[in-house]
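Spelled out, the chains give:
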Amino acid sequence: MQLQPEGLGAWGIAVALAGGAMRGSIPYMFVSLGECLTEKSGKINLGMEGVLLMGAVTAFGVSDLTGSPWLGVLAAAAVGLVLGAIHAWLTQQPAVNDVAAGIAMIIFGSGLAFFFGKRFVAPMAPQLPLVALGEWSRVGAIQSALRISPLFFIGIAVAFLLNWVFTRTSCGLKVRAAGDDPQAARALGIDVNGVRFIAIAMGGALAAVGGAHLTLYFPGIWSEGISGGQGLMAVALVIFARWSPRRCLAAALLFGGAQALGPSLQSLGITGYYYLFNASPYLLTLAVMVATCTPSRRLAGMPGALGKK
Amino acid sequence: MTRAETVIVPLGAMLAGMIVFGAFCAALGVNPLLVYASIWKAGFGSWYSWQNTLVRASPLLLCGLCTAIPAGAGIIVIGNEGAVVVGGLGAIASGLATLSLPPFLSLTTMFLSAAVCGGLWIAFSVALQHYRGVSAVISGLLLNYLAIALMNQLIEGPLRDPSSLDNPASYPLTPDHRLSYFSGTHVHHGLTFGLVACVLAWFLVERTTFGFALKICGGNVRAARLSGLPVGRLVVIAGFLGGACAGVAGMVEVAAVHGRANESLNAGYGYVGILVAFLARQSAFGVVLISLLVGGLLASGGMLQRAHGLPDATIAVLQGILFLFILLSDTVYGRFKLPWAQSHEAKPDAAAA
Amino acid sequence: MMMASRRDVLAGLAAVALPRGSSPLTMGFLYNGPKNDLGYNQSHAEGRQALRSLSWVKTVEEASIPETVAAEESMRDMIFQDGASVIFATSFGYYDPFMVDMARENPRVQFFHCGGFYQEGKHPKNIGIYFGFIDEVEYLSGMLAGLSTRTNKIGFIAAKPIPQVLRNINSFTLGARSVNPRATTKVVFTGDWVLPVREAEASSALADQGIDVLTGHTGSPRVIVQMAERRGIFGCGYQFNQSSMAPHGFLTGAEWAWGTVYLRIAEMIYAGKSVMDGSIPRRLTGTLKDEFCRLSPFGPSVTQSSRNRLAAAKAAILNGSLEIYRGPMRDNEGRIAIPAGKVLKIEDVELDRMDWLVEGVVGKARG
């Protein structure tokens with residue numbers, strides 16, 4: 001039986017932030033990890049917003065068609081792989097500008113996503129099963145906050161896996177070599193283009209899975225406004241996290257939690273200046289960036305080939 | 001690259017893109033030839049359509065320059081949207097404060113405040129990159145969101161016109177304090193601002209020492225510093241100029257289109273401007289051409305919905321396909337030898353070695 | 001006019017063959033968002049479908065038109081490219097300056113705007129405003145919320161504190177408190193019309209605070225209704241039938257029935273009337289009684305006694321004996337909003353300027 005006669009009062013904020021961090025961080029987590037992988041190999045993919053939306057719509061559609069949300073996630077990953085591959089191929093052609101290609105992919109990806117999304121009559125698709133860690137509590141809010149999507153755990157695992165791959169495997173070494181000094185890498189016999197192709201494609205797959213979370217758990221519908229720039233923001237978070245997968249994880253949690261701040265303050269009765277409260281994640285990120293960057297230190301961790309051809 | 005190539009290649013890219021889009025339409029059961037005809041008719045087929053295209057292209061001219069000018073100095077600016085919003089807010093604030101002045105003075109004040117507000121907004125993020133190492137891509141993006149939050153807070157707060165009831169907006173400008181239209185058309189003078197700005201930008205970059213210095217900064221920062229150029233100051237000024245253009249786009253929205261500031265200031269022109277700048281290869285002349293192209297595509301979007309039953313997202317799909325092909329076409333230059341074309345670059349004379 | 005006879009008239013009209021040589025009347029519709037949003041835009045798109053029964057009407061529609069110059073261009077295109085002689089613009093921001101300028105440019109085309117504020121003398125004569133007053137339906141919906149809540153806490157998630165939204169918050173709360181004086185409504189503003197993630201977070205935060213009935217006024221409150229279902233609490237819909245989002249916890253909702261309006265306007269135009277000379281009313285408004293809006297079908301958890309009480313209240317509203325905005329009424333800051341002895345009718349223009357929240361609402365009308 002659930003007990004929620006009085007609500008949690010001020011503790012509600014802590015619960016909301018925790019729950020929000022575990023729900024809201026997932027798209028940021030997957031997209032930033034995917035972008036981290038991409039940028040470690042030396043290329044930037046600004047088009048992640050389009051990939052996120054295509055992942056979201058694909059997951060929704062496939063889940064609705066087949067009845068299996070996991071198939072939806074897989075289909076989303078496949079679509080993300082394809083979109084990433086397109087970006088990879090495109091940007092490896094000489095003279096194609098990476099930033100422009102990314103923005104063109106945002107327009108193409110989101111246009112395609114909205115296009116297919118028009119066909120959905122079903123209001124909801126079968127959702128991902130949740131891991132319920134809060135059943136010990138009799139407080140409904142805690143139970144709800146601790147109903148966690150399996151993608152959260154997968155995302156954390158991916159973050160640590162990527163970190164391990166980058167620091168301890170030869171695969172990861174090749175990716176980093178391609179990203180830091182492609183000329184030297186080629187001299188060593190590494191197929192830089194091939195490595196980048198795989199990295200960018202897999203980065204796209206990860207980002208699309210982040211999109212699947214939006215339609216298959218939170219908020220769990222398909223709507224054209226479902227992302228609102230999360231894909232683009234997650235790309236910024238990679239820079240914020242200085243290209244470390246574990247810091248990407250932390251940044252995603254911070255951001256996801258901050259998203260819940262505005263609404264939870266209002267639900268407590270703190271109602272003034274809600275626009276500025278709702279903008280607090282962005283303000284926070286900017287403040288942290290300004291405080292921690294210095295001209296000499298900013299490039300610490302940045303793959304050397306990023307921004308160059 | 002040869003002269004023939006600069007024409008053939010982009011045209012070829014658009015043709016290829018249109019063919020792919022046609023296949024897309026055919027797969028949906030819609031006759032591609034009819035779709036092509038509609039796009040042409042609605043975007044470029046008559047003076048009527050051209051007006052529609054020009055109206056939609058106007059904000060893109062200025063927003064494109066916001067990225068194109070700093071790009072010459074090597075900085076990637078994507079904070080255009082924030083500059084538009086902030087410029088619009090500056091414009092309405094100064095416009096309302098100068099309602100008692102003659103229209104010309106009032107509009108000039110609006111123009112200048114918008115330019116300054118937008119300019120400072122972008123200059124700030126460029127300065128953050130140069131002096132503090134914060135990537136302009138990040139700061140631009142974050143400042144966009146902050147500008148929108150500020151806009152909402154102001155429009156629903158201190159700037160609010162109580163009689164604007166269900167559609168929160170600022171107090172309106174009086175009719176004579178607005179930008180007028182070209183007589184006999186419904187194209188407003190925002191187009192003039194955009195075209196003049198593009199000409200000035202071209203002149204600045206190609207024909208002045210300042211522009212030359214900018215290009216050196218953009219080419220090789222170290223070389224620029226070694227030759228004694230004040231790199232920091234130059235890039236910040238470039239950012240300011242770009243932001244001023246975007247700010248003026250905001251002023252145009254306020255003074256020409258709406259007559260007041262409301263949440264439609266955040267119309268997305270900034271983001272499209274980034275793409276326009278890149279497709280135009282950061283050249284002012286290219287910005288004009290690409291803005292017209294994008295304007296025409298946007299103008300034909302409605303026709304696709306009404307005449308062919310295609311959803312509104314279709315025009316975005318077309319845009320995406322075309323842009324990807326145009327970008328891809330950048331690699332084609334120099335790959336194919338056209339027998340009748342003359343190369344501009346004189347080949348180093350092998351015999352002189 | 002009895003509903004049955006109007007239907008007969010329309011059926012008759014529909015059966016009449018067009019006079020030879022005349023083309024169908026083309027009507028253009030503009031929506032601000034997608035047509036399948038299960039909310040405001042879909043309610044209008046559904047209303048447009050009602051016109052398909054008329055053989056002499058052809059409709060064209062465009063969706064996702066931003067409230068900028070694009071709206072003006074779309075209207076112009078519908079007139080010139082499609083020959084539209086009637087335009088329906090369904091979003092607030094299309095009115096000034098876009099529709100006003102278009103109406104001046106095309107004096108022979110009739111323009112109808114949903115919810116705009118017409119200024120006599122300033123705006124051209126070929127503009128008509130249509131709108132529905134949904135307060136009474138929100139009142140009934142709120143009654144059901146008041147009867148169903150066990151914690152006496154109701155949550156309302158809204159986009160912006162504009163008068164229309166405040167009217168809904170107030171009428172919903174008045175309905176709830178009319179059957180449950182201890183019920184309170186907590187309001188959270190998201191800041192914009194389409195923010196599904198923020199609406200979901202707000203729903204979750206409110207549920208954490210012990211709220212057990214959720215409703216809202218955003219572009220489409222379906223996220224709110226769905227989150228209510230997930231948290232095991234009740235949900236009330238708005239604008240469109242969102243019961244599909246909450247098979248167990250859906251109570252009812254306040255829906256628009258724009259089809260009634262569009263058919264009525266079409267019928268008047270067919271009869272040769274126009275808004276230019278005033279034969280079509282400048283402000284065409286209607287309430288529950290005029291079937292401009294309706295109550296959603298009840299959800300499975302609504303008890304029979306609740307249904308009975310609602311039926312009685314609805315009858316009282318229809319026969320005029322129940323008036324929602326009856327003084328004395330205080331706002332939630334202690335001031336008198338409606339003095340004793342005064343009754344504001346639903347169509348009273350004073351309500352269009354509402355800037356207060358009624359006693360029992362926790363929240364501020366100004367951000």
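Higher on the page you've got the structure.
Cut-offs applied
Residues numbered from 1 in each chain as written. Chains lettered and ligands numbered in written order. Predicted model: local features only at pLDDT ≥ 70, side-chain atom pairs only at ≥ 80, totals over all residues. Heavy atoms only, no water. Helix = DSSP H or I, 4+ residues; strand = E, 2+ residues; numbered from the N terminus. Rg over C-alpha atoms; globule rule 2.2 N^0.38 Å. Buried < 20%, exposed > 50% of the residue type's maximum accessible area, 1.4 Å probe, protein only. Contact = heavy atoms within 4.5 Å. Areas by Shrake-Rupley, 256 points an atom, 1.4 Å probe, with all protein chains shown as cover. Lys, Arg positive; Asp, Glu negative; His and termini not counted. Charge placed at Lys NZ, Arg CZ, Asp CG, Glu CD. Axes fitted to C-alpha atoms, helices over the stretch in contact; angles between N-to-C directions. Parallel < 35°, antiparallel > 145°, perpendicular 65-115°, else oblique. Pairing = 2+ DSSP bridges. Disulfide = S-S within 2.5 Å. Right-handed = clockwise from strand over helix to strand, strands pointing away. Core = buried A, V, L, I, M, F, W, Y, C linked by side-chain atoms within 4.5 Å. Domains from an automatic or database assignment. Buried area = accessible area lost by both parts, 1.4 Å probe. Salt bridge = Lys/Arg side-chain N within 4 Å of Asp/Glu carboxyl O. Polar contact = N/O pair within 3.5 Å; in protein donor to acceptor, adjacent residues only side chain to side chain. Nonpolar A, V, L, I, M, F, W, Y, C, P; charged D, E, K, R; others polar. Phe/Tyr/Trp six-rings, centres within 6.5 Å; stacked < 30°, edge-to-face > 60°. Lys NZ or Arg CZ within 6 Å of the ring centre and 35° of its normal. Expected span 1.5 Å × (residues − 1).

Participant: What am I meant to see in the overall build of chain B here?
Facilitator: Summing up its helical and strand segments, chain B has 13 helices and 0 strands in all. For chain B, the N- to C-terminal ordering of α and β elements is α-α-α-α-α-α-α-α-α-α-α-α-α. A compact globule built from 353 residues would reach a C-alpha radius of gyration of about 20 Å, and chain B, at 22 Å, matches this within 12%. Taken over the C-alpha atoms alone, chain B extends approximately 75 × 60 × 35 Å along its principal axes. Taken across its 353 residues, chain B has 58% of its residues classed as buried. Once local pairs closer than 6 in sequence are excluded, the contacts in chain B between residues at least 24 apart make up 75%. For chain B, the accessible surface area stands at approximately 14000 Å², while carbon and sulfur atoms represent 70% of it. Charge separation in chain B, taken as the distance between the mean sites of 17 positive and 13 negative side-chain charges, equals 9 Å.

Participant: Can you help me understand the overall build of chain A in this one?
Facilitator: The helix and strand inventory of chain A stands at 14 helices and 2 strands. For chain A, whose C-alpha radius of gyration is 20 Å, the value lies close to the compact-globule estimate of 19 Å for 309 residues. Its C-alpha atoms give chain A principal-axis dimensions of roughly 70 × 50 × 35 Å. The buried share of chain A, taken over its 309 residues, is 63%. Pairs at least 24 apart in sequence give 76% of the contacts found in chain A among residues at least 6 apart. Taken as a whole, chain A presents about 11100 Å² of accessible surface, with 70% of it coming from carbon and sulfur. In chain A, the 19 positive side-chain charges and the 11 negative ones have mean positions that sit 8 Å from each other.

Participant: I would appreciate a short explanation of the packing of helix H7 (residues 170-180) of chain A against helix H9 (residues 192-216) of chain A in the present structure.
Facilitator: Each pair of packed helices can be summarised by the angle the axes make with each other and by the distance between the axes. Residues and elements named next belong to chain A. Packing of H7 against H9 leaves a shortest axis separation of 9 Å and a crossing angle of 110 degrees. By the criterion of interaxial angle, the relationship of H7 to H9 is roughly perpendicular. For the pair H7 and H9, contact is made by Lys 174, Val 175 and Ala 178 and by Val 192, Val 195 and Arg 196, respectively.

Participant: Hey, could you run me through the sheet that holds strand E7 (residues 184-189) of chain C in this one?
Facilitator: Backbone-to-backbone hydrogen bonds pair the strands of a sheet. The strands run either parallel or antiparallel. Residue and element names in this part refer to chain C. The 7 strands are arranged E12-E10-E9-E8-E6-E7-E17 in an open sheet whose pairing can be described as mixed. In this open sheet, the two edge strands, each paired with only one partner strand, are strand E12 (293-295) and strand E17 (361-362). Here 4 bridges tie strand E9 (residues 234-239) to strand E10 (residues 250-256), and the two strands are oriented parallel to one another. Bridging across to E10, Tyr 238 finds its partner in Ala 254. Across the sheet, helix H6 (residues 163-179) lies against strand E6 (153-158), E7, strand E8 (213-217), E9 and E17, angled at about 165 degrees from E6, the strand it touches most.

Participant: Looking at this structure, how should I read the state of the cysteines?
Facilitator: Should the sulfur atoms of two cysteines be covalently bonded, the bond is a disulfide. All names here are of chain A. Here the structure, examined in full by the defined rule, presents 0 disulfides over all chains. A disulfide-free cysteine, Cys 36 has its sulfur positioned 4.2 Å from the sulfur of Cys 248, the nearest such atom. On the accessibility criterion, Cys 36 (0% relative accessible area) is buried. We note that Cys 171 lacks a disulfide partner, and the nearest cysteine sulfur, in Cys 36, lies 16 Å from it. Exposure remark for Cys 171: the relative accessible area of 53% places this residue in the exposed category.

Participant: Help me understand the environment of C:Thr184, please; the structure alone is not making it clear to me.
Facilitator: Residues and elements named next belong to chain C. One can find Thr 184 in strand E7. The exposure class of Thr 184 is partly exposed, given its relative accessible area of 28%. Here the alpha-carbon distance between Thr 184 and Lys 153, two residues 31 residues apart in the chain, equals 5.3 Å.

Participant: Got a minute to help me understand the sheet that holds strand E1 (residues 25-30) of chain C in this structure?
Facilitator: Residues and elements named next belong to chain C. With parallel pairing, the 6 strands of this open sheet are ordered in space as E2-E1-E3-E4-E5-E11. Of all strands in the sheet, those with a lone pairing partner are strand E2 (57-62) and strand E11 (283-286), marking the two edges. Within the sheet, the average angular offset between the axes of one strand and its neighbour, ignoring direction, is 20 degrees. Direction of pairing for E1 relative to strand E3 (residues 86-89): parallel, over a ladder of 4 bridges. Residue pairing in the sheet places Phe 29 in a bridge with Phe 88 of E3. The sheet strands contacting helix H9 (residues 258-270) are E1, E3, strand E4 (110-114), strand E5 (127-132) and E11, and the helix crosses E5 at an angle near 150 degrees.

Participant: Where do I start with the pairing of E4(C) in this structure?
Facilitator: Within a regular strand, side chains alternate between the sheet's two faces. Residue and element names in this part refer to chain C. Burial of E4 is extensive: 5 of the 5 residues sit out of reach of the surface. Burial along E4 is two-sided: Gln 110, Phe 112 and Cys 114 and Phe 111 and His 113, pointing in opposite directions, are all buried. In terms of handedness, the path from E3 via helix H4 (residues 95-105) over to E4 forms a crossover that is right-handed. Of the pairings in the sheet, the one linking E4 to E5 comprises 4 bridges and is parallel in character. Considered in E5, the bridge of His 113 is made with Ile 129.

Participant: Help me out: how do you make sense of the nonpolar core in this one?
Facilitator: Taken as a class, soluble globular proteins show a tendency for nonpolar side chains to be buried jointly. Counting 234 residues, the largest nonpolar core has A:Trp222, A:Met233, B:Phe21, C:Ile87, C:Phe111 and C:Ile127 as the members making the most contacts within it. Among the elements that take part in this core, helix H10 (residues 231-258) of chain B stands out by supplying 15 residues, more than any other. Two domains each provide a minimum of three residues to this core, namely domain 1 (2-132 + 258-286) and domain 2 (135-255 + 292-362) of chain C. With near-sequence residues (within four places) excluded, C:Ile87 lies in contact with C:Gly28, C:Leu30, C:Met75, C:Met78, C:Ile79, C:Met99, C:Val109, C:Gln110, C:Phe111 and C:Phe112.

Participant: Any chance you could explain the interface of chain C and chain B here in plain terms?
Facilitator: Interfaces are often sized by the accessible area lost when the parts come together. Counting residues at the interface gives 32 residues for chain C, matched by 27 residues for chain B. Regarding the contact of chain C and chain B, the summed buried area is about 2800 Å², with carbon and sulfur atoms giving 46% of it. Remark: the boundary between chain C and chain B carries 6 salt bridges. A salt bridge links C:Glu62 to B:Arg306; the shortest N-O distance between them is 2.7 Å. Taken together, chain C and chain B are joined by 15 residue pairs in polar contact (both at pLDDT 80 or more). Of all the elements in the fold, those that place two or more residues in the side of chain C that touches chain B are E2, helix H3 (69-80), H4 and H6 of chain C. Broken down by element, the residue count for the side of chain C that touches chain B peaks at 7 residues, all from H3(C). Looking at the side of chain C that touches chain B, its residues break down into 13 nonpolar, 5 polar and 14 charged.

Participant: Looking at this structure, how should I read the packing of aromatic side chains?
Facilitator: A ring pair, where both rings are aromatic, is described by two values, the distance of the centres and the angle of the planes. Scanning the entire structure with this criterion turns up 27 aromatic pairs over all chains. Where A:Phe152 meets A:Phe153, the ring centres are 5.7 Å apart and the plane angle is 75 degrees; that geometry is what we call edge-to-face. Note on A:Phe152: relative accessible area 7%, which makes it buried. Looking at A:Phe153, the relative accessible area reads 35%, which means it is partly exposed. Every member of this aromatic cluster is reached through a ring pair, and the members are C:Phe29, C:Phe88, C:Phe112, C:Tyr130, C:Phe131, C:Trp256, C:Trp258 and C:Tyr262. Between the NZ or CZ atom of A:Arg23 and the centre of the ring of A:Phe218, over which it lies, the distance is 4.8 Å. Across from the ring centre of A:Phe166, 5.4 Å away, lies the NZ or CZ of A:Lys40, which sits over that ring.

Participant: Help me understand helix H7 (residues 196-208) of chain C, please; the structure alone is not making it clear to me.
Facilitator: Think of an α-helix as turning once every 3.6 residues; residues three or four places apart then point the same way. Residues and elements named next belong to chain C. End to end, H7 covers 18 Å across 13 residues, agreeing with the expected 18 Å (1.5 Å per residue, within 8%). Of all the positions in H7, only Pro 196, Val 197, Glu 199, Ala 200, Glu 201, Ala 202, Ser 203, Ser 204, Ala 205, Leu 206, Ala 207 and Asp 208 are classed as buried. Gly 210 occupies a position one or two residues after H7 and carries a positive phi of about 95 degrees.

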